[in-house]
Amino acid sequence: MTSSGIAVRRESPRQRILDTAYQLISRRGVRDVGVEEVIAKAGIAKATLYRHFPSKTDLVLAVLEQREQLWTLGLVEAEARRRGATPEAQLLAVFDVFDEWFRSDGFDTCTFVNVLLEMRPSHVLGAASIRHLENIRTVIARLATEAGLREPEEFARSWHILMKGSIVSAAEGDTEAAHRAQSMAASLIDQHR
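So, how was this worked out
- Residues numbered from 1 in each chain as written.
- Predicted model: local features only at pLDDT ≥ 70, side-chain atom pairs only at ≥ 80, totals over all residues.
- Heavy atoms only, no water.
- Phe/Tyr/Trp six-rings, centres within 6.5 Å; stacked < 30°, edge-to-face > 60°.
- Helix = DSSP H or I, 4+ residues; strand = E, 2+ residues; numbered from the N terminus.
- 1 Å grid on protein atoms, 1.4 Å probe; cavity = no way out; pocket = protein on both sides within 12 Å on 5 of 7 lines; lining within 4 Å.
- Points joined across faces, edges and corners; volume = space filled by probe spheres on them.
- Nonpolar A, V, L, I, M, F, W, Y, C, P; charged D, E, K, R; others polar.

**Considering the packing of aromatic side chains**
Part 1 of the reasoning: Within this structure, the stated rule accounts for ten aromatic pairs.
Part 2 of the reasoning: Relative to Phe98, the ring of Phe95 lies with its centre 5.8 Å away and its plane at 75°, an arrangement referred to as edge-to-face. In this pair, Phe95 and Phe98 both sit in helix H5 (residues 87–102), three residues apart, roughly one turn of the helix.
Part 3 of the reasoning: Grouping aromatic residues by their ring pairs yields a cluster made of Trp71, Phe95, Phe98, Trp101, Phe102, Phe107, Phe155 and Trp159.

**Things to note about empty space enclosed by the protein**
Part 1 of the reasoning: Tallied over the entire structure, the rule returns one cavity of 30 Å³ or more.
Part 2 of the reasoning: Computed from the structure, the largest cavity encloses a volume of approximately 30 Å³.
Part 3 of the reasoning: Forming the walls of the largest cavity are Trp71, Phe98, Cys110, Leu133, Ile136, His160, Met163, Lys164 and Ile167.
Part 4 of the reasoning: For the lining of the largest cavity, the element with the most residues is helix H8 (residues 152–171), which contributes four residues.
Part 5 of the reasoning: Across the lining of the largest cavity, the residue classes tally to seven nonpolar, one polar and one charged.

Here is the structure:
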């Protein structure tokens, strides 16, 4: 508590490390971010980092997990469900969420795709990224099932191509990428009814 009686929330050292690594890695990638930089920016001792994360790989795995909680579940799925009155509308709302994300200062592309491409599928971090990407498809397949669409798994794979493609297009500077993908997504829904 401060002298004014207001409670001040302090992050644990582990969370400070994780938040710092999350910001750096999501913007710059795994290889470009060193442990020393994370230590300096988090304002912790080296021993503290290694007590919570025995290796850089462990730290990046935790970053990927945090990304899934914040982005996949906390933003994309939660916002799509909030915005759409029906499962089909919720599916399409994914691209409304993307449009806002693409236009924000916080647009950092897809950490899962970035880590996968940087580290390759055979690396433990690439394999973890693949699992997280599969989880995104699971969210989409679940919405497709709720919407009564045929072949929800196949639908989710096609939908995911639209999602990833719009992210790359936005990174190239296409400010209408989410709207273009949403238009194609509506056709995909029609094909799977």
